[in-house]
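Spelled out, the chains give:
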Amino acid sequence: MNLKGKTAVITGSNSGIGLGVARALAGAGADVVLNSFTDRDEDHKLAEEIGAEFGVTARYISADMSKGEDCRRLIEEAGACDILVNNAGIQHVAPIDEFPVEKWDAIIAINMSSAFHCTAAALPLMRKAGWGRVVNVASAHGLTASPYKSAYIAAKHGVVGMTKTVALETAREPITANAICPGYVRTPLVEAQIPDTAKKYDMTEEEVTEKVILDRQPSKEFATVDQIGGTAVFLCSPAADQITGTTISVDGGWTAL
Ligand code: NAD
């Protein structure tokens, strides 16, 4: 796959899936723009390392995906955005009647509204370039639900719906929009849920991993960030030119149940 000359902007990419996707796209030859809300030396160094490893231009732009104006500034500062990967996301686990309002607002903003703002800002650049790919990192929770994750599930279902609309609005153009729906991938986001869930179910952290987290995943294996990255690269390949407005599950069979 040769993405040389394409610029990919990956939101929330100094860790986990976003970083895996950025590395996979850089490995396929794309110049990459990494992002998170922090502005540490190590963030910029991460981009430098990816640039050196894959021989591409790699930059890090700090922008807070909970803020619409920051989302739009990210795309503006990137200058080009042939491939937009809306990946930034957070999680909070609580019953709906105890769900903190500020957590609800933050999850809806970061996990869903950022995809709206970034897509709105990126589409004119894709149109100017005559080619574009919107890849939304949704979730198996964009297609199914679990208790205690109301905001996350609302946001991810929203992203799947928005993906379809973007695909219809760009259907006659060389632009596609799709959502990758991962099952559980062992990243800091998942690690952070284990202690809370253990408390909730009165289990050890090992029991939570096996019986709660991977309970929904028939393969009984975590998906990897490389597999999500490979799926994003596939969606940018000519084989995927007619794939638009859909979801691709990378979930070890979760949504087949
Ligand atoms: P992660 O915590 O490792 O990564 C999340 C990324 O988002 C980090 O780079 C973080 O810095 C960034 N981020 C958080 N808040 C931000 C903000 N306000 N502005 C900019 N960046 C921000 O988690 P992950 O598991 O890699 O999650 C990445 C995406 O994949 C999320 O959208 C998540 O919902 C989705 N996902 C994860 C899994 C899983 O099992 N790990 C499964 C399905 C979907």
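Residue positions within a chain follow its written sequence, with the count starting from 1. It should be noted that, the model being predicted, local features are given only for residues of pLDDT at least 70 and side-chain atom pairs only at 80 or more, the latter also being counted only at that level, while totals for whole chains, interfaces and linings use all residues. Processing note: side-chain calculations cover all non-hydrogen atoms of the structure and skip hydrogens and water entirely.

Q: Looking at this model, I keep getting lost on the site of the ligand. Mind explaining?
A: Summary of the distance rule: residues count as near a molecule or strand when at least one heavy atom falls within 4 Å of that molecule or strand. By nearness alone, 31 residues border the ligand, and N14, S15, Y152, V185 and T187 come closest of all. S36 places a polar side-chain atom, nitrogen or oxygen, 2.7 Å from an oxygen atom of the ligand. Polar contact is defined as a pair of N or O atoms within 3.5 Å, subject to the rule that within protein one atom must be able to donate a hydrogen and the other to accept it, and that residues adjacent in sequence are counted only when both atoms are side-chain atoms. Residue D64 places a side-chain N or O atom 2.8 Å away from a nitrogen atom belonging to the ligand. Lining residues are those with an atom within 4 Å of a point, where the points come from a 1 Å grid over the protein atoms alone and group into cavities, where a 1.4 Å probe fits but cannot get out, or pockets, open sets with protein on both sides within 12 Å along at least five of seven lines. Think of it this way: a molecule belongs to a cavity or pocket when more than half its atoms come within 2 Å of the grid points there. At a threshold of 2 Å from the grid points, most atoms of the ligand map onto the largest pocket. For the shell around the ligand, the elements supplying multiple residues, two or more each, are α1 (16–27), β2 (31–36), α5 (150–169) and α6 (188–201). The element best represented in the shell around the ligand is α6, accounting for three residues. Each residue gets one label: Ala, Val, Leu, Ile, Met, Phe, Trp, Tyr, Cys and Pro are nonpolar, Asp, Glu, Lys and Arg are charged, and the others, such as Gly, are polar. Of the residues assigned to the shell around the ligand, the class counts are 16 nonpolar, 13 polar and two charged. Here the shell around the ligand spans two domains, since at least three of its residues come from each of domain 1 (7–185 + 223–251) and domain 2 (186–222). In DSSP terms, a helix is any run of H or I states spanning at least four residues, a strand is any run of E spanning at least two, and both are numbered starting from the N terminus. Reported domain spans reflect what an automatic or database domain assignment gives.

Q: Explanation requested: the state of the cysteines in the structure shown.
A: Where two cysteines share a covalent bond between their sulfur atoms, that bond is called a disulfide. Disulfides are defined as pairs of cysteine sulfur atoms found within 2.5 Å of each other. Scanning the entire structure with this criterion turns up zero disulfides. The thiol sulfur of C71 is not disulfide-bonded, and the nearest other cysteine sulfur, from C118, lies at 4.3 Å. Of all cysteine sulfurs in the structure, the one in C118 sits closest to C81, which takes part in no disulfide; the separation is 8.0 Å. Owing to a relative accessible area of 1%, C81 belongs among the buried residues under this scheme. Burial status follows relative accessibility: with a 1.4 Å probe on protein chains alone, a residue under 20% of its type maximum counts as buried, one over 50% as exposed, and anything between as partly exposed.

Q: Any chance you could explain the pattern of salt bridges here in plain terms?
A: Opposite charge on two side chains permits them to pair, given that their charged atoms come into close proximity. Think of a salt bridge as a Lys or Arg side-chain nitrogen and an Asp or Glu carboxyl oxygen that are within 4 Å of each other. By the definition in use, this model includes eleven salt bridges. The partner of D70 in a salt bridge is R73, with the nearest N and O atoms 3.3 Å apart. Placement of the pair is D70 and R73 together in helix α3 (residues 68–78), with a separation of three residues, close to one helical turn. Note that D241 and R133 form a salt bridge whose closest N and O atoms lie 2.6 Å from each other. Of this pair, D241 sits in the loop between α8 (225–235) and β7 (247–250) while R133 sits in strand β5 (residues 132–137), and the two are 108 residues apart along the sequence. Take D241: its relative accessible area is 39%, and that puts it in the partly exposed class. Of the residues examined, R133 reaches a relative accessible area of 2% and is grouped as buried.

Q: Any chance you could explain the domain arrangement of the chain here in plain terms?
A: Interfaces are often sized by the amount of accessible area the parts lose when they come together. Domains assigned within the chain are domain 1 (7–185 + 223–251) and domain 2 (186–222). Spacing between the C-alpha centres of domain 1 and domain 2 amounts to 24 Å. Residue contacts are defined here by distance: any two heavy atoms, one from each residue, within 4.5 Å place the two residues in contact. With 21 residues of domain 1 in contact, the opposing surface of domain 2 contributes 14 residues. Summed over both sides, the interface between domain 1 and domain 2 buries roughly 1300 Å², with carbon and sulfur atoms accounting for 55% of that surface. The three residues of domain 1 that bury the most area against domain 2 are V93, Y184 and V185, which together make up 43% of that side's buried surface. Summed over both partners, the accessible area (1.4 Å probe) lost when two parts come together is defined as the buried area.

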